[in-house]
Amino acid sequence: MKKIIIVLLLIFSTSLFAMQSDDVKSSMDTKIHKALQILKNKQETTEEKAQKIFKIFDEMFDYNLMARLSLGKREWMNIDNDQRKKYVDNFIKLLKESFIEKLKLYNDQKIKIEDFLKTRSSRAILKTSIVDKKDKTEVDYKFYRSKKRGWIIYDVIVAGVSIIQSYRKQFADLLQNNDFEEFLKRMKYSSADNNA
Amino acid sequence: MKFFLSILVFVSVIFAASNVQDDIADSFDSEYTQEVKQDFDPLSGYNNFMTNVNDKFYTHILFPVAKGYKKIVPKGARTSVSNFFHNLFFPVRFVNNLLQLKFKNSFEELERFVINSTVGVAGLFDVAGSKMKIYPHNEDLGQTLGFYGLGGGFHIVLPILGPSNLRDTVGLVGDWYLDPKIYVEDRGYNLTDNDTESFGVSSFNVINRASFDYKKYEAIKKGNVVLYPVLKDLYEKHRDKLIKE
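The text that follows walks through the structure, step by step, so that each part is easy to find. (Residues numbered from 1 in each chain as written. Chains lettered and ligands numbered in written order. Predicted model: local features only at pLDDT ≥ 70, side-chain atom pairs only at ≥ 80, totals over all residues. Heavy atoms only, no water.)

## Points about empty space enclosed by the protein
Residues and elements named next belong to chain B. Counted according to the given criterion, the structure contains two cavities of 30 Å³ or more. Estimates place the volume of the second largest cavity at around 30 Å³. As for the second largest cavity, its lining consists of His86, Asn87, Phe90, Arg93, Glu109, Arg112, Phe113 and Asn116. Of all elements in the fold, only helix H3 (75-88), helix H4 (90-99) and helix H5 (103-118) reach the threshold of two or more residues within the lining of the second largest cavity. Per-element tally for the lining of the second largest cavity: the top contributor is H5, with four residues. (1 Å grid on protein atoms, 1.4 Å probe; cavity = no way out; pocket = protein on both sides within 12 Å on 5 of 7 lines; lining within 4 Å. Points joined across faces, edges and corners; volume = space filled by probe spheres on them. Helix = DSSP H or I, 4+ residues; strand = E, 2+ residues; numbered from the N terminus.)

## A closer look at the side chain of B:Asp233
Residue placement: B:Asp233 occurs in helix H10 (residues 227-244). Here the side chain of B:Asp233 touches A:Lys169 through a polar contact of 3.4 Å, side chain to side chain. The contacts of B:Asp233, once residues within four sequence positions are left out, are A:Val161 and A:Lys169. (Polar contact = N/O pair within 3.5 Å; in protein donor to acceptor, adjacent residues only side chain to side chain. Contact = heavy atoms within 4.5 Å.)

## Some thoughts on the packing of aromatic side chains
A complete count under the given rule lists 27 aromatic pairs over all chains for this structure. With centroids separated by 6.1 Å and ring planes inclined at 70 degrees, the aromatic side chains of A:Tyr144 and A:Tyr154 adopt a geometry described as edge-to-face. Of the two residues, A:Tyr144 is situated in strand S3 (residues 136-146) and A:Tyr154 in strand S4 (residues 150-158); the sequence distance between them amounts to ten residues. For the pair shown, A:Tyr144 and A:Tyr154 are each scored as buried. Among the aromatic residues, ring-to-ring pairing joins A:Trp76, A:Tyr87, A:Phe91, A:Tyr167, A:Phe171, A:Phe180 and A:Phe183 into one connected group. The residue whose ring lies beneath A:Arg123 is B:Phe28, and the NZ or CZ to ring-centre distance is 4.0 Å. (Phe/Tyr/Trp six-rings, centres within 6.5 Å; stacked < 30°, edge-to-face > 60°. Buried < 20%, exposed > 50% of the residue type's maximum accessible area, 1.4 Å probe, protein only. Lys NZ or Arg CZ within 6 Å of the ring centre and 35° of its normal.)

## Remarks on the environment of A:Lys104
Residues and elements named next belong to chain A. Tracing the backbone shows Lys104 in the loop between helix H6 (81-103) and strand S1 (110-120). Note on Lys104: relative accessible area 46%, which makes it partly exposed. Sequence-wise, Lys104 and Thr45 are 59 residues apart; in three dimensions their C-alpha atoms are separated by 9.8 Å.

This is the structure we're talking about:
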């Protein structure tokens with residue numbers, strides 16, 4: 001009897017901290033609210049605000065999967081573990097720098113959370129929009145249900161453009177003309193040399 | 001016995017977790033491989049090159065001028081200039097709304113034009129939008145052609161103007177005949193008297209708009225590694241959205 005209880009406890013303990021689907025919408029709502037409060041603070045630099053926001057949201061993102069998908073299966077299989085680690089590190093850095101640049105555009109816009117729709121048993125989309133005076137930009141977050149971490153994000157679609165798809169095209173472009181080591185270097189953002 | 005059991009559970013969980021990661025990734029790959037194949041881009045070499053040229057132009061010429069202009073001219077005035085040119089572009093919106101049989105929208109455009117040109121002092125103030133909640137209905141010839149089913153065709157990056165495609169470039173040229181700030185001989189209305197003045201006025205509009213938009217462009221540029229695919233995607237998705245509404 002004790003053995004069974006121990007085994008059951010072991011199995012269920014992993015899902016204790018996982019995000020259940022009803023929680024996702026309210027959890028994201030809370031986090032986004034916190035993020036907007038941080039953004040409104042005039043005292044701090046964008047960098048400082050961004051670091052705080054990352055702390056809040058890091059647990060919602062599957063950065064490893066995003067990196068892997070942005071590179072594509074073929075290339076991922078071709079590289080060794082050392083290169084994979086460097087690539088993922090660079091990718092996360094690129095992603096976060098990119099986000100910081102977008103934060104600089106913040107100008108008291110409101111964020112509306114619209115809906116959390118399940119598309120399959122283990123896939124869902126959280127629909128939100130950024131509302132300005134005249135424009136409304138749709139931002140969708142694609143979630144999947146991970147056994148260990150519950151519902152986590154693997155793609156963000158801004159104004160209809162998926163960032164994973166976008167990075168896939170860009171990385172494929174770079175890899176056409178450069179070897180992997182060169183590609184790792186050029187992954188740094190803001191490079192006009194990459195347009196050739 | 002208990003010890004052995006717990007080791008077994010521990011090892012199998014760890015083992016399963018690492019393998020699952022690869023399998024999970026595979027199941028997502030199929031979401032992304034389809035879109036890449038549909039890209040027909042015969043001018044890609046030229047487009048990449050032009051993106052680069054435009055980028056240098058924006059970074060070294062247009063944006064510095066726009067930033068200087070922004071420092072001197074307060075936001076209210078720049079918004080009024082923006083409103084003025086938006087109002088002037090009325091014939092294009094009006095005709096294209098009609099062509100798409102959007103009669104209510106074309107009537108609202110007419111209302112906007114009349115109200116803003118009179119009460120709004122030659123279009124400087126968007127009284128119709130802010131006070132009366134009559135909002136613009138942006139249509140152009142490219143959207144009209146799209147409305148009637150013409151696909152965008154291949155992507156073309158225009159000098160200075162940026163991303164476009166075959167259909168929208170044709171649309172752009174067509175709209176010039178209606179645009180008051182472009183000088184067209186033998187037309188009933190013209191803002192200016194000749195090509196040079198027309199170019200000056202258009203440039204002023206470009207600089208004024210850039211004073212609002214440069215931040216977005218710089219954010220896009222800094223967040224990405226290769227610029228051309230990003231601008232192209234944003235443009236095409238945006239146009240598809242505009243045509244649908």
